[in-house]
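# Analysis of the macromolecular model
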Amino acid sequence: AVVSRAMATDTPQWRPGGAVAGALHAVGLGELPNDEEDDGDLAWLRLEPLFAPERLTAPDAAVHARAPNGALVAVAQDPEAFAAGEGGDAPPCDRLSATAALVWDASVALSRSTAVYVPPPQPGPPGTGPAVLELGAGRGLFGAVLGAWGHRVVLTDRPAALAHAEDTVRANAHLWPAGAVVVAPLDWADTAAARALAVRHGPWGLVVAADCVYDEETVPLLVGAIRAALEGGNEGAWALVALDRAVGRHAARACFERLVAEGFHCARLPPPEAKGSVDVYRLSLRQADRQGARRARPKCRSLDHA
């Protein structure tokens, strides 16, 4: 098996094996918190935050989440596709497209507390209110839960990763009206495409993103995509972003926090009950930006030694 279960004590721990272990190690996911030194078992220590007992899902099992209205969403995972899609010599943006093959804990945690963070759909036929845009959807669990609840949802990701979200939409299509949940490609660097997407499917009432950025280089692109989406939203549009500290990538998260503090109204929300290491942010445009002021895409200096 690509992923094997090992019993270090009486508590089961998920330890990746074979190609999955190599792929996770290559992309640097699950790095040691606080940059601790190798104590003789570096390969396992680097992966422990991802596959420790507190991880919400096993990477080779389907993930289930129930929407607030009782609808049950089922999402498959594909660890083999994750391993096969990871290329150690590729740029970070291309390497991390492979992460779309799995469901990450921030998405699971949000999906288990949907009604805590997101208001219910507007009254009327399901799928007819302001649209929800999910950035870096991957398998699209959280967006699918919102769609099953009655929201109109557009799941977006890099073109190479869209097949995973499409699988989820097909598997759960019985939970929403035809066309209420759709999949569309979106490159965060392409602001013109973001505006065109808003014209076609918007206006957005809510933008969501969960565990979709791991490298510091991609953080400004995500922040720029959130800004472009909110500029294409309705008057009360806002964004909900969740990042799990357990996967490490502390410089990327610090960069994100600084950029959103500089460019948005930003509030830190209580963590989801399912996992306290998930940081949840509520973002909205400042009034000057809503009135048409446009800013250049932000840049983030290295925070490795900050």
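Remember, it's a predicted structure, so these values are computed and weren't measured experimentally.

What counts as what
Residues numbered from 1 in each chain as written. Predicted model: local features only at pLDDT ≥ 70, side-chain atom pairs only at ≥ 80, totals over all residues. Heavy atoms only, no water. Salt bridge = Lys/Arg side-chain N within 4 Å of Asp/Glu carboxyl O. Helix = DSSP H or I, 4+ residues; strand = E, 2+ residues; numbered from the N terminus. Buried < 20%, exposed > 50% of the residue type's maximum accessible area, 1.4 Å probe, protein only. Pairing = 2+ DSSP bridges. Axes fitted to C-alpha atoms, helices over the stretch in contact; angles between N-to-C directions. Contact = heavy atoms within 4.5 Å. Left-handed = near helix turned anticlockwise from the far one by under 90°. Nonpolar A, V, L, I, M, F, W, Y, C, P; charged D, E, K, R; others polar. Phe/Tyr/Trp six-rings, centres within 6.5 Å; stacked < 30°, edge-to-face > 60°. Lys NZ or Arg CZ within 6 Å of the ring centre and 35° of its normal. Arc of directions from axis to C-beta. Core = buried A, V, L, I, M, F, W, Y, C linked by side-chain atoms within 4.5 Å. Expected span 1.5 Å × (residues − 1). pLDDT = per-residue confidence, 0-100.

It is worth spelling out the pattern of salt bridges at this point. Counted according to the given criterion, the structure contains 9 salt bridges. Across the pair Arg245 and Asp279 runs a salt bridge whose closest N-O atoms are separated by 2.5 Å. In this pair, Arg245 sits in the loop between strand S9 (233-244) and helix H11 (250-263) while Asp279 sits in strand S11 (residues 278-284), placing the two residues 34 residues apart along the sequence. Given the relative accessible area of 34%, Arg245 is considered partly exposed. Assessed through its relative accessible area of 6%, Asp279 is described here as buried.

Another aspect to go through is the sheet that holds strand S8 (residues 204-210). Backbone hydrogen bonds are what pair the strands of a sheet, in a parallel or an antiparallel way. The 7 strands lie next to each other as S7-S6-S5-S8-S9-S11-S10, forming an open sheet whose pairing is mixed. Every other strand in the sheet has two partners, leaving strand S7 (181-185) and strand S10 (265-269) as the edge strands with one partner each. Averaged over all adjacent pairs, the angle separating strand axes in this sheet is 20°, with direction ignored. Sitting on the sheet, helix H10 (residues 219-231) is in contact with strand S5 (131-134), S8, S9 and S11, with an inclination near 155° to S9.

Here we come to the packing of H10 against H11. For the pair H10 and H11, the least separation of the axes is 9 Å and the interaxial angle reads 35°. In the crossing of H10 with H11, the sense of the turn from one axis to the other is right-handed. In this structure, H10 contributes Val219, Pro220, Leu222, Val223, Ile226 and Arg227 to the contact, and H11 contributes Ala252, Cys255, Phe256, Leu259, Val260 and Gly263. For the contact of H10 with H11, the class distribution of residues is 10 nonpolar, 1 polar and 1 charged.

As a further point, take the side chain of His164. Topologically, His164 is positioned in helix H8 (residues 162-171). If sequence neighbours within four positions are ignored, His164 has contacts with Ala81, Ala100, Ala101, Gly138 and Arg139.

We now examine the packing of aromatic side chains. Counted by the stated rule, this structure contains 2 aromatic pairs. On the numbers, 6.1 Å between centres and 65° between planes, the contact of Trp104 with Tyr214 is edge-to-face. Of this pair, Trp104 sits in the loop between helix H4 (92-95) and helix H5 (105-111) while Tyr214 sits in the loop between S8 and H10, placing them 110 residues apart in sequence. Comparing Trp104 with Tyr214, the two get one shared label, buried. Centre to centre, the rings of Phe256 and Tyr281 are 5.2 Å apart; their planes meet at 70°, and the pair counts as edge-to-face. Of the two residues, Phe256 is situated in helix H11 and Tyr281 in strand S11; the sequence distance between them amounts to 25 residues. Judged by its relative accessible area of 0%, Phe256 is buried. Overall, the relative accessible area of 2% leaves Tyr281 in the buried class. For the cation-ring pair, Arg227 lies above Phe264, with the distance from its terminal atom to the ring centre recorded as 4.7 Å.

Restricting attention to buried positions, one finds in H8 the residues Leu162, His164, Ala165, Thr168 and Val169. Relative to the axis of H8, the buried residues are bounded by an arc of 160° and lie together on one face.

Within the largest apolar cluster, 39 residues are counted, with the highest numbers of intra-cluster contacts made by Val73, Leu110, Val118, Leu141, Leu146, Trp176 and Leu240. With 7 residues, the top contributor of residues to this core is helix H7 (residues 141-149). Once residues within four sequence positions are removed from consideration, Leu240 is found in contact with Leu110, Tyr117, Val118, Phe142, Leu206, Val207, Val208, Ala209, Leu269, Val280 and Tyr281. Among the nonpolar cores identified, the runner-up in size contains 37 residues, and Leu133, Leu222, Val223 and Ile226 belong to it.

With that settled, consider H10. Taking 1.5 Å per residue as the helical rise, H10 with its 13 residues ought to reach 18 Å, and the 18 Å between its terminal C-alpha atoms agrees with that figure. In terms of burial, H10 is a largely internal element, 12 of the 13 residues being buried.

Of all residues in the protein chain, 72% have pLDDT values of 70 or greater, and the mean over the chain is 79. Within the protein chain, strand S4 (residues 72-75) carries the highest mean pLDDT (98), whereas strand S1 (residues 3-7) carries the lowest (31). Low pLDDT, under 50, characterises residues 1-20; the predicted model gives this stretch 46 contacts beyond four residues in sequence or across chains. Overall, residues 24-53 carries pLDDT values under 50, and its contacts beyond four positions in sequence, including any with other chains, amount to 65 contacts.

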